[in-house]
Every structure is written in structure tokens, then in C-alpha cells.
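Read off the chains here:
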Amino acid sequence: MTHDTALLKTTEIASRVLASSAAQNDKAGRFSTEAIESLGESGLLGLLLPVNVGGSALGPRTFAAVTATLAEADASVAMIYLMHILGAATILAARPSAAQALAPILREIGAGRHLSTLAFSEAGSRSHFWAPISRAHRNGDGVRLSARKSWVTSAGHAHSYVVSALAPEGTGPTDSTLYLLKADTPGLSVAGPWDGLGLRANASSPIALEDCHIPPDFQLTEDSAGFPAMLNVVLPLFCLGTAAVGLGLCRAAVAGTASHLKNAKFEHLGQSLGESLPTLRAQLATMQIDTDGLSARIDDLVEHLEKPRDTTMLRVLETKAAAGDVAISVTSAAMHACGGAAFSKHLSIERLFRDAHAGAVMAPTGDVLREFIAKSLLGMPLF
Ligand SMILES: Cc1cc2nc3c(=O)[nH]c(=O)nc-3n(C[C@H](O)[C@H](O)[C@H](O)COP(=O)(O)OP(=O)(O)OC[C@H]3O[C@@H](n4cnc5c(N)ncnc54)[C@H](O)[C@@H]3O)c2cc1C
């Protein structure tokens, strides 16, 4: 698969499967298994994996474009896809001693039959995902783990969960280890419903781990090496992917607003809203400018990830922070421009507005990113 064929396939799935059901799935809080099956059948679940496990060996540029295209049609599915890609990347980056045991799972992902996700956030440390409260305990060669994971995208639908916990002998708050738990691991259960303001169709329920046994082959990182994996493997792709979700939402908001301004009429004036009101035209133009600005920022981050340099981590942090703000501001402007029609849910704009608020609260949150960016500029320690 090439970049262009990946995008063609995504566009086809977005229009055939996602666009027609996004509104109903949002209303019902329903996880779209059809969407994930279509993504699997098209080879998109193995997008970043190497060819020898059935992947397409594509990079961040295609990942961002695919995710934005999905989000334009249904941001819930885009977020499920994003978390899966992160799970797959973390499994791929596992320590060499686990490679043999994990190869069948990577091949299942490459074949489009396995959905993964991340379970980092805990009730105890909230958005500070880098500091799990739970601790793994030695149990023969493996470990036992109990934990309260507070939000897990695709909970109850994923085939595996990449889970963080303090290492058995870890001494500091970031001395974590990453493990892989299959969905049928005894002791793993979905611990509550998901009824969010936005991204309502992505099943972000809590999960409980009750004394789960994890064999050594399913320990993804060395002891206490979870934190560097979070920073180096997960964070760049997560920030790029959430920014791409924001971009898709902005594009959908611009298109939805333009359509409304063209089609809604002041019959007594014989004009459409757009023809009649320069204030609404100015608002639409600002939305377009901000959307293209976010797109350029994402392109810049992709270039930094393709050719890493000193400023790459700064760009990673900046892009997610900026995307959260832009997505909220563009979808808010759409709510304003489309007025009562948006407010009373006659348009998809209010779903975009609700979905746009998730990016900024997903960790690292916009506030935390600003803390990191400013501290790094001032030469202060981040943790
Ligand atoms: C739709 C959705 C899907 C999710 N999916 C996953 C998933 O798949 N896996 C996963 O691990 N987690 C997931 N999460 C969890 C997410 O990443 C965050 O951990 C969670 O949203 C944090 O919420 P909280 O109320 O506990 O945050 P809190 O930590 O209580 O934050 C409350 C406020 O304090 C601010 N704040 C916190 N710390 C600081 C600081 N140091 N400086 C300045 N301000 C600060 C925050 O920005 C926020 O405004 C998901 C969340 C959502 C909403």
C-alpha cells in the first residue's frame, strides 16, 4: 500500500461506512464494529507495521492524513484508530526477548483482525499518565497486576491493552513498565459505562485489573523502561494523531458551515445567509484560515518526525496544544455561524463541537503541555 492508496481506501470507508452512521452512533454511544472491520479488511490497521508481519511500513505522514480523513467523517472512529496505531507501535517496539511471543499478535494486526489500545490513565494519578499508582508484583517469571485504569478507548472491544504500572522494584513515580494484556486475561473487566460529552462512540470506559497474571513474554519494556517508551514511541504519534483528529473536525466544521450558509435562506430578502451577512462570511473565512494554519503545523510536525532534529520534541508538544485550541475555536465559530440550526441539532455541527473538546483534555492536556513547553524554554526540569 502506498500513501495515495491508503488515502483512497480511507476516503472510501469514510464515505461508505462512517459518514452514514456517525450521527446515530454518537446519539446511542455505540462503538462501530463495522468501521473497525472495514479498516481491518482494507489493511489500514497495520499501516505503520513492517511488511514482514503484513503491515504497510508507512510513516507519520500517511498516519496523519488517514486519521484526519476519518475524523472528518467520525472523530470517534478516528480516535479508536489512533489509539490502536499507538498500541501497535508500542508492541512493535517491545524488548527483543518478547519479540517471538508477540509476533503472532503483530501478524494478526497486519491481517486486520486485531484491535489494540492504550490503558495508561489511572484514577489515582488522573491525567498524569506518566506516574501510575498501580504496581506490578513479581510472580515467578512474570508479574501480577491490579489497577484501576480510568479511561480506555475501545474498552471491551479491543483485543489487547497496552498497560502501564510501576515496576516491581521501581523507586520513583515514573519508574514504570509497559505490559500487554489480552482482552481475555482473567481479572480484566470493563468497569463502567462510557457516556461522555463528546467522542461518545469510542467506548472510553474504565477498566479494572484484578490480580491479573502477566507472563514475561508479555512484558513489553524492560523494568522501569516504560517512561522512555511513553515519551519516544507513544507521545510523538499521539500528539500528531490528536492534532489530525482536530484537523478533521475543523475541516468538517468549515464544510458544514459553508453548506449551511449557502442553503439556509432569508426568504423575505431572497438571499441565503451567506449572501446576506458579511459577519458570517468573515467568520467562515477565519475558520478556514485557522484550519489551514493547523494543517501547516501538522505538515511541519510530520517533517520533524521524518527528519528528527533538536526542535522535534518542542514541535510535538506545541502541535497538540495548538490543535486542541484551534479545534475548539473553529467548531465554536461554526456553532455561532449556524445559530439555532446548530444549537437544536439540525446539523452535525454540535457533534463536532462536542468531539473537539476531547483533544484538549486527553493527556497530556493543553495545560500540561504549556507547562512542559515553558519549563523547557526556561531550562527547568519537566518532572
Ligand atoms: C474521550 C477520552 C478518551 C480517552 N482515552 C484514553 C485511553 O485510551 N487511554 C488512556 O490511558 N487514557 C485515556 N483518556 C484519559 C485522558 O488521557 C486523561 O487522562 C483524562 O482525560 C484526564 O482527566 P482528569 O479529569 O482525570 O484530569 P485531571 O488530571 O483531574 O485534570 C483536571 C484539570 O487540571 C489540569 N491539570 C492537571 N495537571 C496539571 C498541571 N500539572 N499543570 C496545569 N494544569 C494541570 C488539566 O489540564 C485539567 O484541566 C481518555 C480521555 C477521554 C476524555
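Conventions and cut-offs
Residues numbered from 1 in each chain as written. Predicted model: local features only at pLDDT ≥ 70, side-chain atom pairs only at ≥ 80, totals over all residues. Heavy atoms only, no water. Helix = DSSP H or I, 4+ residues; strand = E, 2+ residues; numbered from the N terminus. Buried < 20%, exposed > 50% of the residue type's maximum accessible area, 1.4 Å probe, protein only. Near = heavy atom within 4 Å. Polar contact = N/O pair within 3.5 Å; in protein donor to acceptor, adjacent residues only side chain to side chain. Areas by Shrake-Rupley, 256 points an atom, 1.4 Å probe, with all protein chains shown as cover. Nonpolar A, V, L, I, M, F, W, Y, C, P; charged D, E, K, R; others polar. Pairing = 2+ DSSP bridges. Axes fitted to C-alpha atoms, helices over the stretch in contact; angles between N-to-C directions. Phe/Tyr/Trp six-rings, centres within 6.5 Å; stacked < 30°, edge-to-face > 60°. Contact = heavy atoms within 4.5 Å. Left-handed = near helix turned anticlockwise from the far one by under 90°.

> A description of unusual backbone geometry should follow, citing residues and the corresponding values.
Residue proline 364 is bonded to the preceding alanine 363 through a cis peptide linkage, with omega at 0 degrees. One non-glycine residue, leucine 199, lies in positive phi territory at about 45 degrees. Counting through the fold element by element, leucine 199 comes out in the loop between β6 (188-190) and β7 (205-214). Overall, leucine 199 belongs to the buried group, its relative accessible area being 4%.

> Can you tell me about the site of the ligand, naming the residues and giving the values?
In the vicinity of the ligand there are 21 residues, among which Ser121, Arg126, Ser127, Thr365 and Asp367 approach most closely. One of the side-chain N or O atoms of threonine 365 is found 2.7 Å from an oxygen atom in the ligand. Aspartate 367 is positioned with one of its side-chain polar atoms (N or O) 2.7 Å from an oxygen atom of the ligand. Surface burial for the ligand is 74%, taken as the share of its 990 Å² of free accessible area covered by protein chains. Going through the elements one at a time, β1 (116-119), β3 (142-152) and α11 (366-377) are the ones with two or more residues in the shell around the ligand. Considering each element in turn, the shell around the ligand owes the most residues, 3 residues, to α11. For the shell around the ligand, the per-class residue count stands at 12 nonpolar, 6 polar and 3 charged.

> Can you tell me about the sheet that holds β3, naming the residues and giving the values?
What the 4 strands build is an open sheet, ordered β2-β3-β7-β6; its pairing is antiparallel. One side of each edge strand has no neighbouring strand; the edge strands of this open sheet are β2 (137-139) and β6. Between one strand axis and the next, the sheet turns by 20 degrees as a mean value, whatever way the strands run. Pairing between β6 and β7: 3 bridges, direction antiparallel. Paired with serine 189 across the strands is alanine 208, a residue of β7.

> Go over the packing of aromatic side chains, please, and point to the residues and values.
Applying the stated rule across the entire model yields 6 aromatic pairs. Judged by centre distance (5.6 Å) and plane angle (55 degrees), the rings of tryptophan 130 and phenylalanine 372 are tilted. Separated by 242 residues along the polypeptide, tryptophan 130 in the loop between β1 and β2 and phenylalanine 372 in helix α11 bring together distant segments of the chain. Taken as a pair, tryptophan 130 and phenylalanine 372 share a single burial class, namely buried. Pairing tryptophan 130 with phenylalanine 383 gives two aromatic rings, centres 5.4 Å apart and planes at 70 degrees, and the pair type is edge-to-face. Here the residue tryptophan 130 occupies a position in the loop between β1 and β2, and phenylalanine 383 occupies one in the segment after α11, the gap between them amounting to 253 residues. Taken together through their ring pairs, the aromatic side chains of Phe120, Phe129, Trp130, Phe227, Phe372 and Phe383 make up a single cluster.

> Describe the sheet that holds strand β5 (residues 176-182), naming the residues involved and giving the relevant values.
Strand order in the open sheet made by the 3 strands is β1-β4-β5, with mixed pairing throughout. Since the sheet does not close on itself, it has two edges, and those belong to β1 and β5, each with one partner. Across the sheet, the mean angle separating the axes of adjacent strands is 25 degrees when strand polarity is ignored. Relative to β5, strand β4 (residues 160-166) runs antiparallel, the two sharing 7 bridges. Directly across from serine 164, in β5, lies its bridge partner leucine 178. The strands touched by helix α4 (residues 75-92) within the sheet are β1, β4 and β5, with β1 carrying the most contacts at an inclination of about 85 degrees.

> Lay out the packing of helix α9 (residues 312-343) against α11 in plain terms, naming residues and giving numbers.
Axis separation between α9 and α11 bottoms out at 9 Å; the angle between their running directions is 140 degrees. Crossing of α9 over α11 shows left-handed handedness. Side by side, α9 and α11 meet where Leu314, Leu317, Glu318, Lys320, Ala321 and Asp325 of the first sit next to Leu369, Arg370, Phe372, Ile373 and Ser376 of the second. A per-class count over the contact of α9 with α11 returns 6 nonpolar, 1 polar and 4 charged.

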